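The chain contents come next:
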Amino acid sequence: MSLVVDDHLLLDLLLGSPSSWLRAASEQSAVYTTGSWYYRVALAANRGSGVGAISRRISTLDTEPQRRVLDWLGQLPDWIGLLGPRLLVPVMAGLDTRAQPNLLAAEALAVALVTDSEIAVATNSPLLRGCALDLGIGYRVDSR
Amino acid sequence: MSSRTLSPSLAAAVERARSEALAAGELRNSPVEIPAPPLTADELATIADWRSSGDYERIVTRLVGEDPDLAAQ
């Protein structure tokens, strides 16, 4: 069974520092994320201005390292699977769950169904968990 | 297909999407070998700190406030 990871676990994988569970799981299966979670990472990197922002943190780096860090965060590597809306929207629109998932949750559920994956997140989402349960999708919180 | 119980229409949509993804080479069966990031130790430490310090979460919380579709709840 494959994995669909959220933005936090995606960052951990990209950094090469996943939890022991995520490392072991990824060594046994393909890993996917969603456009929404990938978008959160890229948007946070690009729009993270102000207190606590990455722009402040990397300001201590020279210009070239700053550019490389932002480029790296904004470009998903090939080894992370990503399915597009042409494939996913018909599945997202047909999800039959007790609660109505929002865009982010619907995309994660659709990717999990199409790729026969378990969903792994760093922070529990009752909405996503409930919808996953309704659809028979595995759901795991990996908070390290 | 797994042992999941889906409505007939949803199961059909999933099968169509799976077939198209397979034909497009977008389904992966191989485990992941996590490559070393192409960044320096200082660069990696900056991003790791961004993630582990809670700064990333705070930025996402603000972005979610602007766009509820990005919320996990």
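Refer to the structure presented above.
**Student:** Before we go on, may I ask you to explain the overall build of chain B in this structure?
**Tutor:** A count of helices and strands for chain B gives 3 helices and 0 strands. Starting at the N terminus and walking to the C terminus, you meet the elements of chain B as α-α-α. The C-alpha radius of gyration of chain B comes to 19 Å, more than 25% above the 11 Å expected for a compact globule of 73 residues. Viewed in the frame of its principal axes, chain B has a C-alpha envelope of about 50 × 35 × 20 Å.

**Student:** I keep staring at helix α8 (residues 126–135) of chain A and nothing clicks. Help me out?
**Tutor:** Three or four residues apart is the spacing at which side chains of an α-helix point the same way, because the helix has 3.6 residues per turn. For α8 of chain A, the complete set of buried residues consists of L127, L128, C131, A132 and L135 of chain A. When α8 of chain A is viewed along its axis, its buried side chains cluster within an angular range of 125 degrees and face the same direction. In α8 of chain A, the exposed positions angled more than 90 degrees off the buried face are occupied by P126 and L133 of chain A. In the core, the buried residues of α8 of chain A are packed alongside α3 (35–47), α7 (103–115), β3 (117–121) and β4 (139–141) of chain A together with α1 (8–23) of chain B. Two residues or fewer past α8 of chain A, G136 of chain A is found with a positive phi of approximately 75 degrees.

**Student:** What is the right way to look at the nonpolar core in this model?
**Tutor:** Proteins that are soluble and globular tend to have nonpolar side chains buried together. Counting residues in hydrophobic clusters, the biggest one holds 37 residues, and the most contacted among them are V5 and L73 of chain A together with I47 and W50 of chain B. Of all the elements in the fold, those that place two or more residues in this core are β1 (2–5), α1 (7–14), α2 (20–26), α3 and α5 (63–74) of chain A together with α2 (41–52) and α3 (55–66) of chain B. Residues within four places of I47 of chain B in sequence aside, it is in contact with L11, L15, V69, W72 and L73 of chain A together with L39 of chain B. The next biggest cluster of nonpolar side chains, apart from the first, holds 35 residues, and it includes A30, L83 and I119 of chain A together with A13 of chain B.

**Student:** What should I look at first to understand the environment of L70 of chain A in this one?
**Tutor:** Secondary-structure assignment places L70 of chain A in helix α5. A residue is classified by how much of its surface remains accessible, and L70 of chain A, at 29% relative accessible area, is partly exposed.

**Student:** Looking at this structure, I do not really get the interface of chain A and chain B. What am I missing?
**Tutor:** On the side of chain B, 48 residues touch chain A, which itself brings 71 residues to the contact. Applying the counting rule to chain A against chain B returns 2 salt bridges. D12 of chain A is paired through a salt bridge with R51 of chain B; the nearest N and O atoms lie 2.9 Å apart. Applying the counting criterion to the chain A and chain B interface returns 14 residue pairs in polar contact (both at pLDDT 80 or more). A per-class count over the side of chain A that touches chain B returns 40 nonpolar, 20 polar and 11 charged.

Calculation rules
- Residues numbered from 1 in each chain as written.
- Chains lettered and ligands numbered in written order.
- Predicted model: local features only at pLDDT ≥ 70, side-chain atom pairs only at ≥ 80, totals over all residues.
- Heavy atoms only, no water.
- Helix = DSSP H or I, 4+ residues; strand = E, 2+ residues; numbered from the N terminus.
- Rg over C-alpha atoms; globule rule 2.2 N^0.38 Å.
- Buried < 20%, exposed > 50% of the residue type's maximum accessible area, 1.4 Å probe, protein only.
- Arc of directions from axis to C-beta.
- Contact = heavy atoms within 4.5 Å.
- Core = buried A, V, L, I, M, F, W, Y, C linked by side-chain atoms within 4.5 Å.
- Salt bridge = Lys/Arg side-chain N within 4 Å of Asp/Glu carboxyl O.
- Polar contact = N/O pair within 3.5 Å; in protein donor to acceptor, adjacent residues only side chain to side chain.
- Nonpolar A, V, L, I, M, F, W, Y, C, P; charged D, E, K, R; others polar.

Nothing here speaks to function; it is all geometry.
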